[in-house]
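A closer look at the structure
Given next are the chains, with one letter for each unit.
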Amino acid sequence: MSNTDTDTSKTRQGIYKRIIKPLWPIWKVVRAILHKFKMLISIVREGGFKKLFYIIKNYRQIKAQQRKNMTESVEIDSVYQDNLTFEGEKTDIKLIAFHLPQFHTFPENDEWWGEGFTEWTNVRKGNSRFKGHYQPRVPHSDIGYYDLSKVENLKKQAELAKQHGLYGFCFYYYWFSGKRLLEKPLDILLSHKEIDFPFCLCWANENWTRAWDGQNKDVLISQKYSEEDDDSFILDMKKYIGDDRYIRINGKPLIVVYNPGQIPDCGRSFKKWREVAKNNGIGEILIWTCQTANNTAEKLGITDYIDAEIEFPPHNYWQDSLAVRNVDLNGKNAFIYSYKRLVEYIIEKIKKDESKKVPLHYCSMMAWDNAARRNNNWFTYTGFSLNSFYRWLVTIFEKTRREFSEEERFVFINAWNEWGEGTYLEPDEKYGYANINTVSKALFQKPLYDDLLIINDKNSGLIDESFERDDNTSRIAVQIHMFYTDVLDETIKYLNNIPYRFDCYISTDTEEKKELIEKRFKSECECESFVVEIFENVGRDVAPFLQQMKDRIDRYDYLCHIHSKKTKTDEHGDDWRKYIFKHLFGSGRYLKKVFEIFEDNKNIGILMPETYPVLELQAEWGGNKEGTKTLLERLGIEIELPENPIFPVGNMFWMRREAVKKIFEYGLTATDFPEESGQTNLTIAHQIERAWIYIAKSVGYTYKKIFNNVSEDVNLDKKNRIIFYMHYDKDNEIKEYDVDTIKCFQSICEKIVFISNSSLSPEELSKVDSLVNKVILRDNVGFDFGAWKQSILDSVDEIKEADELILLNNSCFAPVFDIKAMFATMEKRNLDFWGNTIFPFLPDGSYLGTDYIDEHIQSYFMVFNNKVIHSVDFWEFWKNLPECETFIDVVAKCESKFTKKLSDAGFKYDVYINESKYISRFLNNYAIPYEKPSSFVLLNNPFVKKKCYSYMDDVERIKLERILESL
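Now for a look at the structure at hand. (Residues numbered from 1 in each chain as written. Predicted model: local features only at pLDDT ≥ 70, side-chain atom pairs only at ≥ 80, totals over all residues. Heavy atoms only, no water.)

Right, let's get into empty space enclosed by the protein. Going through the model one piece at a time under the given rule, you end up with nine cavities of 30 Å³ or more. The computed volume of the largest cavity comes to approximately 110 Å³. Forming the walls of the largest cavity are 15 residues, and the residues nearest its centre are Phe384, Tyr424, Asp428, Tyr431 and Asn435. In terms of residue class, the lining of the largest cavity is built from eight nonpolar, four polar and three charged. (1 Å grid on protein atoms, 1.4 Å probe; cavity = no way out; pocket = protein on both sides within 12 Å on 5 of 7 lines; lining within 4 Å. Points joined across faces, edges and corners; volume = space filled by probe spheres on them. Nonpolar A, V, L, I, M, F, W, Y, C, P; charged D, E, K, R; others polar.)

Shown next, in the form of structure tokens:
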């Protein structure tokens with residue numbers, strides 16, 4: 001580069017830094033305003049000012065509803081669940097539930113509180129104190145208001161806990177200088193060895209008071225903490241510690257202390273306990289203290305005297321930032337906190353990975369609420385959510401796996417049966433087994449909503465004769481709202497995949513469209529019969545569907561509703577429709593399996609595609625929750641709607657007649673729907689879309705999301721393909737997924753060149769020697785582009801003889817989908833070079849130290865045809881490629897420049913995953929392959945980045961692994 005060039009470059013950089021970069025944020029605002037102004041002009045031209053005013057009014061309503069939705073909900077977000085089975089599942093987490101024994105009568109309580117008093121007395125007194133407050137809590141009929149002085153109830157508790165993967169109970173041990181309270185359940189357990197369930201004890205070492213707070217006011221029986229107590233405490237515990245079921249860790253029995261801050265001299269007491277235990281045949285003991293009363297071991301100065309700590313939420317989580325304001329308490333005083341904010345706070349705290357002087361064992365809780373115990377000044381964590389509870393559990397389980405050996409992976413939960421404090425795993429009447437089912441799903445690393453059914457070749461599929469009716473009438477009807485007739489041919493093509501007799505009912509809005517549809521269906525569609533009818537253009541696709549099928553629905557067992565989905569404002573409309581059609585009608589083989597699911601599972605009422613990944617953030621109520629609830633009430637359906645709705649986003653799905661019949665019978669007409677004026681939300685059509693699952697649920701049906709993974713016959717042209725597979729492994733190993741990747745490409749490549757930047761031993765190389773044509777070992781310099789440059793420039797003649805050149809690095813696991821299908825798809829598109837995913841243009845290139853980032857094919861996988869590999873530009877790029885010492889340099893100087901270099905030379909390119917061009921914008925995330933890899937997998941992305949395990953959260957990890965396991 002000449003001095004003049006250098007000066008010019010510096011001048012450009014100076015202009016950018018001083019003028020362009022500071023003005024860029026202003027330009028973004030101006031551009032947004034211009035875009036809105038252009039949209040307003042377009043609306044006025046199309047529909048006049050009347051339409052403009054209507055849209056502005058609708059927009060304001062949406063915004064008002066969204067602001068309302070932003071107000072934090074205090075209601076519990078849960079649903080009733082039956083007791084799920086987890087037979088055969090395994091976990092390495094030892095989950096212990098704190099267990100309250102105060103569910104039986106004893107003399108002291110009779111004296112202090114009245115004859116017959118138990119914890120149930122408080123629970124029964126519970127009443128709702130504010131709107132959305134879940135009180136009273138009523139135990140499920142499976143357990144009732146049980147009595148723990150009866151051994152059968154202890155047996156039931158142990159059986160349920162064991163069934164759901166819990167490791168043991170931690171019983172509260174009420175000991176007051178030798179005086180025992182609530183000892184009966186524990187002594188019954190000791191005498192019944194057939195209750196095969198581990199346990200340990202937690203000394204509930206606070207004063208027993210009338211206020212249920214352990215303080216010094218209104219004390220009924222107090223703790224003394226005398227030196228004599230230190231001796232007798234361990235001696236009294238000996239009979240429990242000696243039980244074979246007592247929990248030991250590395251041979252040492254575990255003793256938990258609830259409130260160490262109440263003990264005057266923990267150093268003295270704990271030292272004495274250890275001495276007495278050794279001298280009386282118990283041996284070494286473990287002392288773990290709970291983090292209660294805003295104390296920690298470090299704060300109390302007792303870290304030298306204990307072996308570990310246990311979190312004990314809600315203790316130590318009374319931060320003002322978690323408080324919920326503006327709750328009408330009807331004149332009462334209370335401390336109201338947000339459960340969801342608590343969980344987010346804890347997860348963020350765990351991510352910080354703060355150092356600890358002693359090991360800390362994590363603990364979770366449910367909807368903590370002691371209003372049943374107090375008339376005033378109670379504490380409540382509102383807005384309990386199964387989603388938040390699951391995230392909390394998954395996070396602390398995974399953190400425990402990272403911090404502890406398998407023998408020591410203990411996690412606690414508050415509690416098994418704290419009914420008076422609202423946090424219990426046992427089932428209740430309103431939500432059934434939802435809490436304990438959620439715990440099991442987290443323990444066994446299952447998704448919270450395991451509702452995705454991946455349909456593979458292994459599903460058998462019905463034969464034609466077993467499905468059809470004897471009278472030759474159709475069991476299947478497909479209703480299509482055809483507003484955009486330019487997708488007519490595509491729609492008919494998919495419909496013709498239905499392998500059984502089916503009838504079609506098509507709605508449209510003009511006579512001209514009707515004639516075109518009739519002509520095309522008559523000549524091209526393989527349905528038994530079809531009817532095309534004109535409906536007023538109101539209610540989008542929903543109103544015509546309900547009106548057209550109202551009097552016809554009883555003729556059929558199964559229906560499908562689709563429409564000519566297009567989105568004018570964004571580029572995803574066609575991709576979205578094709579995604580839905582693939583998972584509704586993918587192939588005849590696939591549809592046989594779909595109907596087999598319906599026929600074999602009589603409780604399934606709806607089968608719908610998984611939400612289009614681009615629109616994951618739009619799968620919400622969007623201000624329609626109250627409207628949907630009102631609609632359901634009109635249908636006679638009383639149901640508590642969840643915080644996050646489940647619905648067929650896009651309103652296209654398969655359904656069983658009986659599951660949805662209720663809304664057709666109700667008789668909605670066109671007058672129930674507003675006039676079409678470009679509404680994007682908050683209409684009855686949007687509410688019906690969100691109501692289908694709950695309509696089906698009201699008559700006993702459930703749903704499944706379906707994903708088409710049935711293989712198709714692929715005709716891939718045989719070509720002379722050569723692949724340069726670049727390998728690097730910090731452990732200097734060739735992993736199993738490297739070998740699997742090479743085997744995948746063996747089926748389509750004539751030559752495989754294996755390049756490694758690692759120091760591989762002959763033993764490692766033997767794993768691929770028989771699979772590849774050439775091995776190149778080199779120093780670890782220049783990353784993948786450095787390896788490719790050297791190998792490509794050393795193989796000019798060999799490459800020019802090829803029809804296609806493939807560049808692939810080992811940053812991904814082996815392909816999870818058939819690469820032949822990918823190649824066959826892309827080779828139909830007449831491209832010069834292509835890849836799997838694209839990185840979209842970014843005006844801010846600060847990440848790379850550049851002015852901006854050009855749109856470019858992500859370089860982990862690229863394919864070039866013969867035309868490109870014979871071009872001067874291709875070879876010029878490699879010859880002039882700079883040596884890079886950092887990953888950022890490689891992206892900035894190599895990966896992000898290659899696509900533009902070839903594109904500027906006139907070569908045509910594209911990518912297999914078209915959604916990669918815009919999904920980041922929709923999900924507000926430019927790290928989706930790493931943080932949300934399941935979203936790309938659902939788009940049939942064959943490559944999963946290995947580094948995703950360093951970036952995705954544990955909930956996403958479980959979802960991803962579940963999908964991959966099912967593929």
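Before going further, it helps to spend a moment on the sheet that holds strand β18 (residues 452-455). The pairing of strands in a sheet comes from backbone hydrogen bonds and takes either a parallel or an antiparallel form. Pairing in this open sheet of eight strands is mixed, and the strands run β18-β25-β23-β24-β22-β19-β20-β21 from one edge to the other. Looking at which strands have only one partner, the edges of the open sheet turn out to be β18 and β21 (529-534). If you compare each strand with its neighbour and ignore which way they point, the axes differ by 20 degrees on average. With four bridges joining them, β18 and strand β25 (residues 702-708) adopt parallel strand pairing. If you follow Leu452 over to β25, its bridge partner there is Lys705. (Pairing = 2+ DSSP bridges. Helix = DSSP H or I, 4+ residues; strand = E, 2+ residues; numbered from the N terminus. Axes fitted to C-alpha atoms, helices over the stretch in contact; angles between N-to-C directions.)

This structure, assessed with the given rule, holds 66 salt bridges. The closest approach of N and O atoms between Lys239 and Asp187, which form a salt bridge, is 3.9 Å. Here Asp187 lies in helix α5 (residues 184-191) and Lys239 lies in helix α6 (residues 227-241), a separation of 52 residues in the sequence. Glu418 is the salt-bridge partner of Arg373, the closest N and O atoms lying 3.6 Å from each other. In this pair, Arg373 is assigned in the loop between β13 (363-365) and β14 (378-382) and Glu418 in strand β16 (residues 417-418), connecting sequence segments 45 residues apart. Overall, the relative accessible area of 15% leaves Arg373 in the buried class. Bridged by salt links that share partners, the residues Asp92, Glu398, Arg401, Arg409, Asp954, Arg957 and Glu961 form one connected network. (Salt bridge = Lys/Arg side-chain N within 4 Å of Asp/Glu carboxyl O. Buried < 20%, exposed > 50% of the residue type's maximum accessible area, 1.4 Å probe, protein only.)

For α6, which comprises 15 residues, the first-to-last C-alpha distance of 21 Å matches the rise-based estimate of 21 Å (1.5 Å per residue) to within 8%. For α6, the set of buried residues is Asp229, Asp230, Phe233, Ile234, Met237, Tyr240 and Ile241. Angularly, the buried residues of α6 cover 125 degrees about the axis, an arc narrow enough to put them on a single face. (Expected span 1.5 Å × (residues − 1). Arc of directions from axis to C-beta.)

The subject of this paragraph is a nonpolar patch on the surface. On the surface, Phe783, Tyr847 and Phe887 cluster together into a nonpolar patch covering about 320 Å² of accessible area. The topology assignment puts Phe887 in helix α29 (residues 887-904). You can call Phe887 partly exposed: its relative accessible area is 46%. (Patch = residues over 30% accessible without salt bridge, like charges linked within 9 Å, V, L, I, M, F, W, Y side chains within 5 Å. Areas by Shrake-Rupley, 256 points an atom, 1.4 Å probe, with all protein chains shown as cover.)

With that settled, the discussion passes to a negative patch on the surface. A cluster of like negative charges, contributed by Glu75, Glu626, Glu633 and Glu638, occupies part of the molecular surface. Considering the arrangement of structural elements, one finds Glu75 in the loop between α1 (3-70) and β1 (94-99). (Lys, Arg positive; Asp, Glu negative; His and termini not counted. Charge placed at Lys NZ, Arg CZ, Asp CG, Glu CD.)

Before going further, it helps to examine the packing of aromatic side chains. All chains considered together, the criterion is met by 93 aromatic pairs. With a centroid separation of 5.8 Å and 80 degrees between ring planes, the pair formed by Tyr500 and Phe595 is classed as edge-to-face. In this pair, Tyr500 is assigned in the loop between α13 (488-495) and β20 (502-508) and Phe595 in helix α17 (residues 588-600), connecting sequence segments 95 residues apart. Each of the two residues, Tyr500 as well as Phe595, counts as buried. With a centroid separation of 6.1 Å and 35 degrees between ring planes, the pair formed by Tyr725 and Phe754 is classed as tilted. Within this pair, whereas Tyr725 is found in strand β26 (residues 721-727), its partner Phe754 is found in strand β27 (residues 751-756), the two being separated by 29 residues in sequence. One exposure class covers both Tyr725 and Phe754, and it is buried. Each residue in the set Phe98, Phe106, Trp112, Tyr167, Tyr172, Tyr174, Trp208, Tyr258, Trp288, Phe312, Phe410 and Phe412 is aromatic and connected to the rest through ring pairs, giving one cluster. Its guanidinium or amino end placed over the ring of Phe483, Lys513 lies 3.9 Å from that ring's centre, counting from NZ or CZ. (Phe/Tyr/Trp six-rings, centres within 6.5 Å; stacked < 30°, edge-to-face > 60°. Lys NZ or Arg CZ within 6 Å of the ring centre and 35° of its normal.)

In this structure, Pro314 follows Pro313 across a cis peptide bond, with omega equal to 15 degrees. Following Asn414, the chain continues into Ala415 via a peptide bond in cis, with omega recorded as 15 degrees. We note that Leu182 has phi near 55 degrees; this positive angle belongs to a residue other than glycine. A positive phi angle, near 55 degrees, is found at Asn377, a position not held by glycine.

Attention shifts here to the packing of α13 against helix α16 (residues 573-585). Axis angle and axis distance: for two packed helices, these are the angle between their axes and the distance between the axes, and together they describe the pair. At a closest axis distance of 10 Å, the pairing of α13 and α16 adopts a crossing angle of 20 degrees. When the axis of α13 is compared with that of α16, the two are roughly parallel. Where α13 crosses over α16, the handedness of that crossing is right-handed. Contacts between α13 and α16 pair Glu490, Thr491, Tyr494 and Leu495 from the former with Arg577, Lys578, Phe581, Lys582 and Phe585 from the latter. (Parallel < 35°, antiparallel > 145°, perpendicular 65-115°, else oblique. Left-handed = near helix turned anticlockwise from the far one by under 90°. Contact = heavy atoms within 4.5 Å.)

Glancing now at the sheet that holds strand β28 (residues 774-777). If you walk across this open sheet you meet the seven strands as β28-β27-β26-β29-β33-β30-β34, and the pairing is mixed. Unpaired on one side and paired on the other, β28 and β34 (909-911) mark the two borders of the sheet. When strand polarity is set aside, the average angle formed by the axes of neighbouring strands in this sheet is 15 degrees. In this structure, strand β30 (residues 833-835) lies alongside strand β33 (residues 861-865), joined through three bridges in antiparallel fashion. From the neighbouring strand, Gly835 faces β33, where its bridge partner is Met862. Against the sheet, helix α22 (residues 736-746) makes contact with β26, β27, β29 (804-809) and β33, and its axis sits at roughly 175 degrees relative to β26, the strand it touches most.

For helix α4 (residues 151-163), with 13 residues, the first-to-last C-alpha span of 18 Å sits near the 18 Å given by 1.5 Å per residue. All of the buried residues along α4 are Val151, Asn153, Leu154, Gln157, Ala158, Leu160 and Ala161. In this fold, the buried residues of α4 make contact with β1, β2 (168-176), α5, β16 and α11 (434-443). Positive backbone phi, at 90 degrees, marks Gly165, one or two positions downstream of α4.

Now for the side chain of His686. By the element assignment, His686 lies in helix α20 (residues 684-689). At 2.7 Å, the side chain of His686 forms a polar contact with the side chain of Thr683. Sequence-distant contacts of His686, defined by excluding residues within four places in its chain, comprise Asn624, Gln679, Thr680 and Asn681. (Polar contact = N/O pair within 3.5 Å; in protein donor to acceptor, adjacent residues only side chain to side chain.)

On to the environment of Arg634. Tracing the chain through its elements places Arg634 in helix α18 (residues 625-634). You can call Arg634 partly exposed: its relative accessible area is 36%. A sequence separation of 29 residues divides Arg634 from Ile663, and the C-alpha atoms of the two residues are 9.7 Å apart. Setting aside residues no more than four positions away along its own chain, Arg634 makes contact with Tyr666, Leu668, Asp672 and Ile684.

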